[in-house]
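# Survey of secondary and tertiary structure
Residue-level listing of the chains:
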Amino acid sequence: MAGSALLIGAAVGYLAPVPRHVVSAIMGFGAGVLLSAVSFELIAEADERGGLRPTVIGAVTGAVVYTACNIVLAMNGARHRKRSGDQQPSESEDAGSGTAIALGALLDGIPESIVIGASLLGGGAVGAVTVAAVFISNVPEGLSSAAGMRRAGRSSRYVFGLWTAIAVVSGLAAVAGYTLLGDASDGVLAGVTAVAAGAILAMVADTMIPEAFEDAHLLIGLVTVAGFLVAFALSHA
């Protein structure tokens, strides 16, 4: 369900002429949603399960691993994979950038999948707030990235094939996380949740906020706060 939002966003971004300032505003809203989910769902849960130390270690580890992978992908043409303007290179401009963008999209989706899988660990149910937050944030991610891919001349087959594959792999990653970590201790589960939280925070700062600020910078603070409060309200519903 959460992964399907990527396809919805990609369809709108690729097929509809959405103004760039609207794309930026939607991305800002999604960033606020994820910031709220990380704060009140993930970090709070990790701290409750394992305490401060594994939470901090996990969050730092997630941010470092994500950043290191992101640097490698950026050097190969995936730096602007979530930008809706003319920043994304075409394959003729940067050979291999299509593969790098695909891997980058997968890198962005893995932490969110880990979060959903981890929410099942210990016999719990998938948190509705977590799924809702990932779903809401995935729409602008798919929308902005697909709009940029269209501007870079990438085909509809590439765009929709990519996001379909990411949605499927994300679902499988959540299942794998649940299967492999089903008997893990609270400390380990806290660390895994914190790793995902750190990676998501790094992703928001590196790929979502720059796009949000691009064309809606005068209002982006208000839009981001609105997304933050919507997710916060969902967590208290």
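These numbers were taken from a predicted model, which means no experiment stands behind them.

Analysis parameters
Residues numbered from 1 in each chain as written. Predicted model: local features only at pLDDT ≥ 70, side-chain atom pairs only at ≥ 80, totals over all residues. Heavy atoms only, no water. Helix = DSSP H or I, 4+ residues; strand = E, 2+ residues; numbered from the N terminus. Rg over C-alpha atoms; globule rule 2.2 N^0.38 Å. Buried < 20%, exposed > 50% of the residue type's maximum accessible area, 1.4 Å probe, protein only. Contact = heavy atoms within 4.5 Å. Areas by Shrake-Rupley, 256 points an atom, 1.4 Å probe, with all protein chains shown as cover. Lys, Arg positive; Asp, Glu negative; His and termini not counted. Charge placed at Lys NZ, Arg CZ, Asp CG, Glu CD. 1 Å grid on protein atoms, 1.4 Å probe; cavity = no way out; pocket = protein on both sides within 12 Å on 5 of 7 lines; lining within 4 Å. Points joined across faces, edges and corners; volume = space filled by probe spheres on them. Nonpolar A, V, L, I, M, F, W, Y, C, P; charged D, E, K, R; others polar. Expected span 1.5 Å × (residues − 1). Arc of directions from axis to C-beta. Salt bridge = Lys/Arg side-chain N within 4 Å of Asp/Glu carboxyl O. pLDDT = per-residue confidence, 0-100. Core = buried A, V, L, I, M, F, W, Y, C linked by side-chain atoms within 4.5 Å. Phe/Tyr/Trp six-rings, centres within 6.5 Å; stacked < 30°, edge-to-face > 60°.

### Considerations on the overall build of the chain
- Looking only at helices and strands, one finds 8 helices and 0 strands in the chain.
- N-terminal to C-terminal, the α/β element order of the chain is α-α-α-α-α-α-α-α.
- Computed over its C-alpha atoms, the radius of gyration of the chain comes to 17 Å, within 12% of the 18 Å expected for a compact globule of 237 residues.
- Each principal axis of the C-alpha distribution contributes one length, and for the chain these read about 50 × 35 × 30 Å.
- With 237 residues in all, the chain has 45% of them scored as buried.
- Partitioning the contacts of the chain with sequence separation of at least 6, the portion at a separation of at least 24 is 84%.
- Summed over all atoms, the accessible surface of the chain reaches about 10,400 Å², with 70% contributed by carbon and sulfur.
- Placing the 11 positive and 17 negative side-chain charges of the chain at their respective mean positions leaves the two points 7 Å apart.

### A closer look at the layout of surface pockets
- Estimated volume of the largest pocket: approximately 210 Å³.
- Contributing to the lining of the largest pocket are 16 residues, with A2, G3, I116, S170 and G171 lying nearest its centre.
- Here the lining of the largest pocket is built from residues that sort into 8 nonpolar, 7 polar and 1 charged.

### So, helix α1 (residues 4-15)
- Its 12 residues give α1 an end-to-end C-alpha distance of 17 Å, which sits within 8% of 16 Å, the value for a rise of 1.5 Å per residue.
- Restricting attention to buried positions, one finds in α1 the residues A5, L6, G9, A10, G13 and Y14. Take α1 and look down its axis: the buried residues cluster within an arc of 150 degrees, on one side only.

### Let's talk about the pattern of salt bridges
- Here the structure, examined in full by the defined rule, presents 1 salt bridge.
- Here R49 and E45 are joined by a salt bridge, their closest N and O atoms 3.4 Å apart. Placement of the pair is R49 and E45 together in helix α2 (residues 20-50), with a separation of 4 residues, close to one helical turn.
- Assessed through its relative accessible area of 24%, R49 is described here as partly exposed.
- Residue E45 is classed as partly exposed on the basis of its relative accessible area of 24%.

### Quick notes on empty space enclosed by the protein
- One pass over the structure, following the stated rule, counts 3 cavities of 30 Å³ or more.
- Surrounding the largest cavity, L34, A37, V38, E41, L42, V115, T130, A133, V134 and I200 form its lining.
- Breaking the lining of the largest cavity down by element, the ones donating at least two residues are α2 and α5 (128-151).
- No other element matches the 5 residues that α2 contributes to the lining of the largest cavity.

### Some remarks on the confidence of the model for the chain
- Averaged over all residues, the pLDDT of the chain is 81; the fraction at 70 or higher stands at 90%.
- Ranking the elements of the chain by mean pLDDT puts helix α4 (residues 97-118) last with 74 and helix α8 (residues 220-235) first with 90.

### Some details on the nonpolar core
- Ranked by size, the top nonpolar core spans 32 residues in total, and within it V159, W163, I200 and M208 carry the most contacts.
- Secondary structure elements with two or more residues in this core: α1, α2, α3 (52-78), α4, α5, α6 (156-180) and α7 (186-216).
- Per element, the largest residue contribution to this core is 9 residues, and it comes from α7.
- Ignoring any residue separated from it by four or fewer positions in sequence, one finds M208 in contact with M27, G30, A31, L34, K82, S137, E141 and M203.

### What to know about the packing of aromatic side chains
- Per the counting criterion, the structure on display carries 3 aromatic pairs.
- A centroid spacing of 5.6 Å and a plane angle of 65 degrees characterise the contact between F40 and F228, whose relative ring orientation is edge-to-face. With F40 in helix α2 and F228 in helix α8, the pair connects residues that are 188 residues apart, well separated along the chain.
- F40 gets classed as partly exposed once you look at its relative accessible area, which sits at 37%.
- On the accessibility criterion, F228 (25% relative accessible area) is partly exposed.
- Seen from their ring centres, F40 and F232 are 4.7 Å apart, and the 55 degrees between their planes marks the pair as tilted. Placement of F40 in helix α2 and of F232 in helix α8 is noted, with a sequence separation of 192 residues between them.
- Among the aromatic residues, those joined into a cluster by ring pairs are F40, F228 and F232.

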